[in-house]
Amino acid sequence: MLSVFNLVLPFFGLIFLGFLVARISRQPLEALGWMNVFIVYVALPALFFQILSKTPVAELTKWAFIIGCTASTLCVFLVMFGFAFFRTRKIDESTIQGLAAAYGNIGYMGPGLAIMAFGAPAAVPVALIFCFDNTLHFVMAPLMMALSGNDKRRPRDLAVSVLKKIFLHPFIIATILGVAAAITGFEPPVSIDKLIDLLAKAAAPCALFAMGVTLALRPLKRVPQELYLIVPVKLVFQPLLIYAILHLAGDFPPVWVYTAMLLAALPTATNVFVIAQQYGVWVERASSSILATTLFSVVTLTLWLYLMTHGLIP
């Protein structure tokens with residue numbers, strides 16, 4: 001158990017440091033602007049390019065794994081959406097609740113934690129899950145908001161917007177370039193390779209620190225009733241579901257299954273708040289979902305990692 005704590009605590013320690021510094025310094029949330037730009041447009045894309053460019057091409061085409069992981073994420077979204085719609089009869093609010101239960105922090109927390117826990121072999125499933133899960137969320141959010149009437153754009157404009165979000169997102173561009181480099185065998189010059197390595201190593205610390213700052217500046221003012229369902233669905237049900245689906249989908253290396261479960265068990269992504277804010281729906285409660293799932297994940301992630309690293313999950 002001590003080894004698991006040594007693995008998890010540095011990550012949550014970085015979040016806590018961000019939280020603590022934000023409380024002490026009292027800087028506005030807008031002060032994070034350039035750090036977020038660095039994380040999203042520079043550091044994390046460098047990490048994904050580095051991972052994928054050095055990956056054997058055969059490992060990038062495991063479609064059964066990709067479909068299984070994406071299907072499990074979609075199932076969680078639909079389950080939570082169904083519960084929420086049954087209560088509220090509102091498509092837009094139900095969509096944000098569905099995203100809060102299904103959209104994990106796979107960009108900020110996923111790569112560093114998975115690679116530290118399971119080693120370099122975890123890099124490829126992380127990148128595949130990130131690419132296809134984000135594509136799913138980029139499609140589902142505007143589509144459901146359009147069905148709710150919250151998004152007034154014409155179908156053509158909506159489709160163009162979705163395609164732009166998918167193919168112009170820095171993470172997706174980095175993924176495409178990384179795959180292209182793996183296929184062609186391209187290796188950047190030594191100086192560029194060292195720069196990419198420096199940027200990749202900065203990704204996780206900066207992202208987790210920024211996440212802590214964001215949580216500090218969006219405090220939990222009240223506990224929405226929906227959190228009593230969102231928290232267990234996100235942190236317990238989703239990793240169990242992805243485990244079951246992957247065992248039905250094929251015979252994958254344990255590292256790939258464990259990595260998928262770990263990413264599924266991550267707390268709600270901060271992007272859910274951004275989407276809620278964009279459409280003016282369920283904004284405060286989206287922020288509460290991120291904070292609550294992050295706090296509870298300290299316990300649940302530790303337990304999941306203990307079970308995985310000690311061979312207690314077959």
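So, here's what we can say about the structure. Given the structure is predicted, the values throughout are model-derived calculations rather than measurements.

What counts, and where the lines are drawn
Residues numbered from 1 in each chain as written. Predicted model: local features only at pLDDT ≥ 70, side-chain atom pairs only at ≥ 80, totals over all residues. Heavy atoms only, no water. Salt bridge = Lys/Arg side-chain N within 4 Å of Asp/Glu carboxyl O. Helix = DSSP H or I, 4+ residues; strand = E, 2+ residues; numbered from the N terminus. Buried < 20%, exposed > 50% of the residue type's maximum accessible area, 1.4 Å probe, protein only. 1 Å grid on protein atoms, 1.4 Å probe; cavity = no way out; pocket = protein on both sides within 12 Å on 5 of 7 lines; lining within 4 Å. Points joined across faces, edges and corners; volume = space filled by probe spheres on them. Nonpolar A, V, L, I, M, F, W, Y, C, P; charged D, E, K, R; others polar.

## Details of the pattern of salt bridges
Right, so step 1: For the structure on display, the rule yields six salt bridges.
Right, so step 2: The salt bridge partner of Asp-197 is Lys-201, with a shortest N-O separation of 3.2 Å. Highlighted residues: Asp-197 and Lys-201, both in helix H9 (residues 190-217), separated by four residues, approximately one helical turn.
Right, so step 3: Of the residues examined, Lys-201 reaches a relative accessible area of 60% and is grouped as exposed.
Right, so step 4: A salt bridge links Glu-226 to Arg-285; the nearest nitrogen and oxygen atoms lie 3.6 Å apart. Note that Glu-226 is positioned in the loop between H9 and helix H10 (227-249) and Arg-285 in helix H13 (residues 283-309), a separation of 59 residues in sequence.
Right, so step 5: For Glu-226, a relative accessible area of 9% puts it in the buried group.
Right, so step 6: On the basis of relative accessibility, which here comes to 21%, the residue Arg-285 falls in the partly exposed class.
Right, so step 7: Residues joined in a network through salt bridges with shared partners are Arg-87, Glu-226 and Arg-285.

## Remarks on empty space enclosed by the protein
Right, so step 1: Counted by the stated rule, this structure contains two cavities of 30 Å³ or more.
Right, so step 2: Size it by volume and the largest cavity reaches roughly 90 Å³.
Right, so step 3: For the largest cavity, the lining is made up of 16 residues, of which Thr-73, Asp-133, Gln-238, Leu-263 and Ala-264 are closest to its centre.
Right, so step 4: Of all the secondary-structure elements, those providing two or more residues to the lining of the largest cavity are helix H3 (63-88), helix H6 (123-148), H10 and helix H11 (254-264).
Right, so step 5: Counted by class, the lining of the largest cavity contains nine nonpolar, five polar and two charged residues.
Right, so step 6: Approximately 40 Å³ is the volume found for the second largest cavity.
Right, so step 7: Elements represented by at least two residues in the lining of the second largest cavity include exactly H9 and H13.
Right, so step 8: Broken down by class, the residue content of the lining of the second largest cavity amounts to three nonpolar, three polar and one charged.

In short, geometric facts, not functional conclusions.
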